[in-house]
Amino acid sequence: VGGALTVTGNLTVNGTTTTIDTVVTAIDSIAVDGDITAGGNLNITGVSTFGDNVDLGDNDKLRFGDGPDLQIYHNGSHSYIDETGTGNLYIRNGTKNSIWCQSDGQVNLYYNDDKKFETTSTGATVTGNLASTGDIDIFGELNFATPSSKYIDFYTKDALGSVFSINLRLVNHDSTSFHTAISAIRDSGVTLYYANSAKLTTTLNGAT
């Protein structure tokens, strides 16, 4: 066709069709009710709006950047977000940081844009209080470093919030048995033990 091709009804081709490699015509909009199947690349300049799902197969990637630097995909077993370019990876809520991952470095967790947890080359650093509803196992030294105006408080509570006692116990490696070393009861005495046997207990008037 040397000029424009305008079709107002159906277009039926009874002969051989020829693949069109390039259409040098600006198309402002395309409305398609069915599928579009393309064997090559589909290059679109401008904003693309999808009213339904965008389905990618296993190992098919959403790629961002010139590199591409950021890739999101599922490999058939696991899902990945890969930062393969320069710079860091930020997961943000609006303009506030939630997770910050440094290339070959630290990972930070935030609360309302305030850093609360940071991994380091030797472990991790927590800013603020650390609360646990279960056991905390420490296989190294536990060092307390507080200013002179602070205290180190140990406390336990029952279901009603009443504080009863604190026991310092020496547990064997498999946690099947223990020996009590120190027992302290609120508004009462403190007992020191030897080989799990009480040897000294403070009283109202002194010690036993």
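Since this is a predicted model, take the numbers as computed values, not measurements.

**A closer look at the side chain of T180**
Right, on to step 1. By the element assignment, T180 lies in strand β10 (residues 178-185).
Right, on to step 2. Ignoring anything within four residues of it in the chain, the contact list for T180 reads L168, R169, Y193 and N196.

**Focus on the environment of K116**
Right, on to step 1. In this structure, K116 sits in strand β7 (residues 114-119).
Right, on to step 2. K116 sits in the partly exposed class, given a relative accessible area of 35%.
Right, on to step 3. Along the sequence, K116 and N129 sit 13 residues apart, while their C-alpha atoms lie 9.1 Å from each other.
Right, on to step 4. Look past the residues within four positions of K116 in its chain and what remains in contact with it is L109, Y110, Y111, T125, V126 and T127.

**Quick look at a nonpolar patch on the surface**
Right, on to step 1. A cluster of nonpolar side chains, contributed by L109, F117, V126, L130, I136, I138, L142 and F144, occupies part of the molecular surface with about 750 Å² of accessible area.
Right, on to step 2. Within the element layout of this structure, L130 appears in the loop between β8 (124-126) and β9 (165-171).

**What about the packing of aromatic side chains?**
Right, on to step 1. On inspection of all chains with the given rule, the structure shows two aromatic pairs.
Right, on to step 2. When the ring of Y73 is compared with that of Y80, the centres are 5.4 Å apart and the planes differ by 20°; the resulting orientation is stacked.
Right, on to step 3. On the basis of an interplanar angle of 45° and a centroid distance of 6.1 Å, the ring pair of Y90 and W100 is categorised as tilted. Remark: W100 occurs in strand β5 (residues 96-101) and Y90 occurs in strand β4 (residues 89-93); sequence separation between them is 10 residues.

**Observations concerning unusual backbone geometry**
The bulk of non-glycine residues show a negative phi, and the bulk of peptide bonds are trans.
Right, on to step 1. Residue G67 is joined to P68 through a cis peptide bond whose omega torsion reads 0°.
Right, on to step 2. Within the element layout of this structure, P68 appears in the loop between β1 (62-64) and β2 (70-74).
Right, on to step 3. Phi is positive for D187, which is not a glycine, with a value near 60°.
Right, on to step 4. One can find D187 in the loop between β10 and β11 (190-194).
Right, on to step 5. D187 sits in the exposed class, given a relative accessible area of 76%.
Right, on to step 6. The backbone of N196 shows a phi angle near 70°, a positive value even though the residue is not glycine.
Right, on to step 7. Topologically, N196 is positioned in the loop between β11 and β12 (197-201).

**Section: the sheet that holds β5**
Right, on to step 1. With antiparallel pairing, five strands are arranged side by side in an open sheet as β4-β5-β6-β7-β8. At either end of the open sheet lies a strand with only one pairing partner, and these are β4 and β8. When the angles between neighbouring strand axes are averaged without regard to direction, this sheet yields 20°.
Right, on to step 2. Bridge analysis of β5 against strand β6 (residues 107-111) gives three bridges, and the strand direction is antiparallel. Among the inter-strand pairings, C101 is bridged to a residue of β6, identified as V107.

**Quick look at the side chain of N108**
Right, on to step 1. Its place among the elements puts N108 in strand β6.
Right, on to step 2. Given the relative accessible area of 1%, N108 is considered buried.
Right, on to step 3. In this structure the side chain of N108 is engaged in a polar contact, spanning 3.2 Å, whose partner is the side chain of Q106.
Right, on to step 4. Side-chain polar atoms of N108 contact the side chain of Y110, separated by 3.5 Å.
Right, on to step 5. Ignoring sequence-local partners within four residues, the contact set of N108 consists of S98, I99, W100, K115, F117 and E118.

**Points about the sheet that holds β12**
Right, on to step 1. Taking strand neighbours across the sheet as the criterion, the four strands line up as β9-β10-β11-β12 in an open arrangement whose pairing is antiparallel. The open sheet terminates on both sides in strands that have one partner only, identified here as β9 and β12. Within the sheet, the average angular offset between the axes of one strand and its neighbour, ignoring direction, is 25°.
Right, on to step 2. Across four bridges, β11 lies against β12 in antiparallel orientation. Bridge pairing in β12 places T191 opposite T201.

What counts and what doesn't
- Residues numbered from 1 in each chain as written.
- Predicted model: local features only at pLDDT ≥ 70, side-chain atom pairs only at ≥ 80, totals over all residues.
- Heavy atoms only, no water.
- Helix = DSSP H or I, 4+ residues; strand = E, 2+ residues; numbered from the N terminus.
- Contact = heavy atoms within 4.5 Å.
- Buried < 20%, exposed > 50% of the residue type's maximum accessible area, 1.4 Å probe, protein only.
- Patch = residues over 30% accessible without salt bridge, like charges linked within 9 Å, V, L, I, M, F, W, Y side chains within 5 Å.
- Areas by Shrake-Rupley, 256 points an atom, 1.4 Å probe, with all protein chains shown as cover.
- Salt bridge = Lys/Arg side-chain N within 4 Å of Asp/Glu carboxyl O.
- Phe/Tyr/Trp six-rings, centres within 6.5 Å; stacked < 30°, edge-to-face > 60°.
- Pairing = 2+ DSSP bridges.
- Axes fitted to C-alpha atoms, helices over the stretch in contact; angles between N-to-C directions.
- Polar contact = N/O pair within 3.5 Å; in protein donor to acceptor, adjacent residues only side chain to side chain.

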